[in-house]
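Remarks on the overall topology
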Amino acid sequence: MAAENTEIDQNLEEVTIENNTTEEQVAVEELTVEEQLAKDLAQEKDKFLRLFAEFENYKRRTTKERIELFKTANQEVLLAMLPVLDDFDRAIVEIAKSEDEVMTKGVELIHEKLKNTLVAKGLEVVDVKAGDAFDADFAEAITQIPAPNDKMKGKIVDVLEKGYKLGEKIIRFPKVVIGQ
């Protein structure tokens, strides 16, 4: 009987060890499930943050593009009005030669009104004058002539046509003559 009891005790110990191992495996599996859930949560949180950042970048980019579009939306109309402004500039010079002060004053008033309207829409004159150093990024050289003196070599001798910009973008480059 003692042998049977020893055998039963050994079997009981084995069953207890197996039960403990099974409980530990269940605990490990539960921790694994909890860890897996935490890992999945972290992944989803990362995806959300990336998507949110991407959306914020998209909003910022479209807002910038929209502002840029509004700034340059008038570009075609302003380009079409530049020859009219040039004609007014030439007309004022010719009318100033005449003796009729009333007509000169009237044309100057209309010229100023047109110029102020275009400036209000964002048009600016590119500031280039005779004596400035020539820069191909800001002016278009029509021709080169012998420089009147050594100081004028490589510099602007005459401005044939004014240049204009809309915001920071040059929409018409000034046409200049440079000294050689």
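Preceding block: the structure.
Residues numbered from 1 in each chain as written. Predicted model: local features only at pLDDT ≥ 70, side-chain atom pairs only at ≥ 80, totals over all residues. Heavy atoms only, no water.

1. Thoughts on the environment of Leu82
Take Leu82: it is sitting in helix 2 (residues 75-97). The spacing of Leu82 and Gly163 is 81 residues in sequence and 9.4 Å in space, taken between C-alpha atoms. Excluding its chain neighbours within four sequence positions, the residues that come into contact with Leu82 are Leu123, Tyr164, Ile171 and Arg172. (Helix = DSSP H or I, 4+ residues; strand = E, 2+ residues; numbered from the N terminus. Contact = heavy atoms within 4.5 Å.)

2. Considering the side chain of Arg172
For Arg172, the location among the structural elements is in strand 5 (residues 169-172). Of the residues examined, Arg172 reaches a relative accessible area of 13% and is grouped as buried. A polar atom in the side chain of Arg172 sits 2.8 Å from the side chain of Asp86. In this structure the side chain of Arg172 is engaged in a polar contact, spanning 2.8 Å, whose partner is the backbone oxygen of Lys162. Setting aside chain neighbours within four positions, we find Arg172 in contact with Leu82, Asp86, Glu161, Lys162, Gly163 and Tyr164. (Buried < 20%, exposed > 50% of the residue type's maximum accessible area, 1.4 Å probe, protein only. Polar contact = N/O pair within 3.5 Å; in protein donor to acceptor, adjacent residues only side chain to side chain.)

3. Considering the nonpolar core
Ranked by size, the top nonpolar core spans 9 residues in total: Leu78, Leu82, Leu85, Leu114, Leu118, Leu123, Tyr164, Leu166 and Ile171. Every element with two or more residues in this core is listed here: helix 2, helix 3 (101-120) and strand 4 (163-166). With 3 residues, helix 2 is the single largest residue contributor to this core. Residues contacting Leu166, with those up to four places away along its chain left out, are Lys71, Thr72, Asn74, Gln75, Leu78, Lys121, Gly122, Leu123 and Ile171. In terms of nonpolar packing, the next biggest core, distinct from the first, is built from 7 residues, Ile156, Ile170, Val176 and Ile178 among them. (Core = buried A, V, L, I, M, F, W, Y, C linked by side-chain atoms within 4.5 Å.)

4. Description of the sheet that holds strand 2 (residues 140-145)
If you walk across this open sheet you meet the 3 strands as 2-6-3, and the pairing is mixed. Unpaired on one side and paired on the other, strand 2 and strand 3 (156-161) mark the two borders of the sheet. Neighbour to neighbour, the strand axes of the sheet diverge by 25 degrees on average, direction disregarded. Of the pairings in the sheet, the one linking strand 2 to strand 6 (residues 175-179) comprises 5 bridges and is parallel in character. Across the sheet, Gln144 pairs through a bridge with Ile178, a residue of strand 6. (Pairing = 2+ DSSP bridges. Axes fitted to C-alpha atoms, helices over the stretch in contact; angles between N-to-C directions.)

5. Observations concerning helix 3
Under the 1.5 Å per step criterion, the end-to-end length of helix 3 is 28 Å for 20 residues, consistent within 8% with the ideal 28 Å. All of the buried residues along helix 3 are Thr104, Val107, His111, Leu114 and Leu118. Buried residues of helix 3, seen end-on, are gathered within an arc of 100 degrees and therefore sit on one face of the element. Exposed positions of helix 3 whose direction lies more than 90 degrees from the buried face are Glu101, Val102, Leu109, Lys113 and Ala120. Contacts made by the buried residues of helix 3 are with helix 2 and strand 1 (123-126). N-capping of helix 3 is provided by Asp100, with a side-chain oxygen placed 3.4 Å from the backbone N of Val102. At the C-terminal side of helix 3, Gly122 shows a positive phi close to 105 degrees. (Expected span 1.5 Å × (residues − 1). Arc of directions from axis to C-beta.)

6. Here we look at helix 2
Residues that lie three or four places apart on an α-helix share one face, since the helix turns once every 3.6 residues. The end-to-end C-alpha distance of helix 2, which contains 23 residues, comes to 34 Å, matching closely the 33 Å that a straight helix rising 1.5 Å per residue would cover. The largest bend in helix 2 is about 30 degrees, located at Met81, with the proline Pro83 one to four residues further on. Among all positions in helix 2, only Gln75, Leu78, Leu82, Leu85, Asp86, Asp89, Ile92 and Ile95 are buried. (Bend = angle between axes of the 7 residues up to and from the residue.)

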